[in-house]
Every structure is written in structure tokens, then in C-alpha cells.
Amino acid sequence: MNDLPRALILKSEHYDDVYFSVHDGLAESRHVFLQGNNLPERLEAFEQESFTICETGFGTGLNFLSFWQMWKAQKEENRPKRFKYISFEKYPLTNEFIKENLSYWEESLGEVLKQYLDIYPAGLNQKKYILPVGEDGELILVFGDVNEEMPKLQDKVDCWFLDGFKPSCNPDMWSETVFQNMARLSNSDASFATFTAAGFVRRGLERVGFDVRKVKGYGRKREMCIGTYKGRWSCA
Ligand SMILES: C[S@@+](CC[C@H](N)C(=O)[O-])C[C@H]1O[C@@H](n2cnc3c(N)ncnc32)[C@H](O)[C@@H]1O
């Protein structure tokens, strides 16, 4: 497995960690978040009209793009009518910066990357953006700290993409506030996936009602976690 060209390894100055795998961020996103949440199979079995994903840590939007590309490739009759993708970001990146840093995947992402760059806000001067995505989607960007913003959210969530930096570099992202709000917002059987298998993250999710499993991580990573919200069943 080769590393990305050095110039394309995107590192955060705030957290001293990389935004995505140094091998291939798009392949990692598909492995961890799509496969980890059993998408697209879950969409096929889903019976409601609209499917809601919530992500902690939007960054460049690479996870959103890998999801949207998958959604578009799935036959309409095999998925819900609409999707909503909600994501939090404390340090929003500019359109130009994202364009430059995702250019490596221009060919693999094709049309979705172009369309995404057209809708991604230019000014970043609002706290919240509700962006129509094609004819059947909505991207909701909430710019602020997830610990302050998630408690204000009222949307019910079917699927979680937990993508902060490593818990050791960014413990605030993996907080009790986040776990408790995930439980408050989760629909029955909401799924989650995350690249980390850190013990305190697993225990935090279990405490609020998620059934947590360790599975093989992307590339050289031995483990990551996936799971399902079972809280409502045990309370019934
Ligand atoms: C590993 S990167 C996410 C990569 C991203 N999903 C992508 O596709 O580029 C983690 C992101 O979480 C953001 N972040 C870290 N702590 C946060 C917090 N407390 N609230 C909101 N966003 C946070 C970082 O600024 C960073 O963009």
C-alpha cells in the first residue's frame, strides 16, 4: 500500500493529526463510514422516505462526497426518496483550500466533486448553511463546536459518521456530551462507524445504549468500531 504524495497529506495545525489516511482518504472513507454503516444495503432495506446521516467533523467533506457518490450510483427504487447529511465543523475550510486538497480524487469523484464545490459556501460567514444537494438531498453544515451545537439539534438520526481527530489528539470530540446527544437523537437501530477503537470511546457509546463491535480497520489499522443504537429497546 503506497502513501499519498507528501504534498497531499493534509495535517491540522490545531490538532497535530491528519484529516484522513496517508494511503488513500477516499478508500478509507468508503471502508470506515460506508462499509462500517453497511451502506448501501441499509438504504435498500430502509422503509422511511428520508435517511439522515450526522457527522462529527466535516473537514474537507470527503466523507460527504463518498456517501453522495454512492447514493447517486444506487438505483432510485433501491433507496429512500431523500437524504439529509448534517455535519459539524469547528474550523471550516475555504472552498479554494478544499478544492486544492481534494484534487487528487478529481477523477474518482468526477461530477460529485464539481457539484459539491459549486454549492460549498464561499464566505463561511454564517453559522449554519442548509444546502440543497441535487434533487433529493440536503447538506446541513453547522460551523461551531460539536459540544455546543449538537445539543441544539432536533433532527432524528439514522446513521452516524464519527470522524474527529484521534481521541488522543482531540479528546473533546469524543465527549460525554456527544455520546449522550447521540443517544437522544438516534432513531431505533441507528448505526455508527468510526475509525477509532479507543477504549473510552467504546465504553462511552455502550453506556448510552449502543451495541459496539470492533472490526478490521482500513489499511494497516488493526481495528475500528461499528455498532447500532439499542437504547430504546432496553428502555421499553
Ligand atoms: C479527521 S478530520 C475530519 C475529516 C473529514 N471528515 C474530511 O472528510 O475531511 C476532523 C475534523 O473535526 C473537526 N473538529 C475537531 N474538533 C471539533 C469540535 N469539537 N467540534 C467540531 N468540529 C471539530 C476538525 O476541525 C476537523 O475538520
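Residues numbered from 1 in each chain as written. Predicted model: local features only at pLDDT ≥ 70, side-chain atom pairs only at ≥ 80, totals over all residues. Heavy atoms only, no water.

### Quick notes on the overall build of the chain
Within the chain one finds nine helices and eight strands. Whereas a compact globule of 236 residues would reach a radius of gyration of roughly 18 Å, the chain reaches 17 Å, a difference of no more than 12%. With the C-alpha coordinates aligned to their principal axes, the bounding extent of the chain is approximately 50 × 40 × 35 Å. Across the 236 residues in the chain, those meeting the buried criterion constitute 55%. Counting only contacts in the chain whose residues sit at least 6 apart along the sequence, the fraction spanning at least 24 positions is 71%. (Helix = DSSP H or I, 4+ residues; strand = E, 2+ residues; numbered from the N terminus. Rg over C-alpha atoms; globule rule 2.2 N^0.38 Å. Buried < 20%, exposed > 50% of the residue type's maximum accessible area, 1.4 Å probe, protein only. Contact = heavy atoms within 4.5 Å.)

### Here we look at the pattern of salt bridges
Any two side chains of opposite charge can pair, on the condition that their charged atoms come close. Applying the stated rule across the entire model yields eleven salt bridges. Salt-bridge contacts for Glu149 lead to Lys152; the nearest nitrogen and oxygen are separated by 3.3 Å. On the accessibility criterion, Glu149 (8% relative accessible area) is buried. Of the charged contacts, one joins Lys230 and Asp189 as a salt bridge, the two residues approaching to 2.6 Å between their closest N and O atoms. With Lys230 in the loop between β8 (224-229) and α9 (231-235) and Asp189 in strand β6 (residues 186-194), the pair connects residues that are 41 residues apart, well separated along the chain. Looking at Lys230, the relative accessible area reads 34%, which means it is partly exposed. Overall, the relative accessible area of 31% leaves Asp189 in the partly exposed class. One network of salt bridges, with partners in common, ties together Lys127, Glu149 and Lys152. (Salt bridge = Lys/Arg side-chain N within 4 Å of Asp/Glu carboxyl O.)

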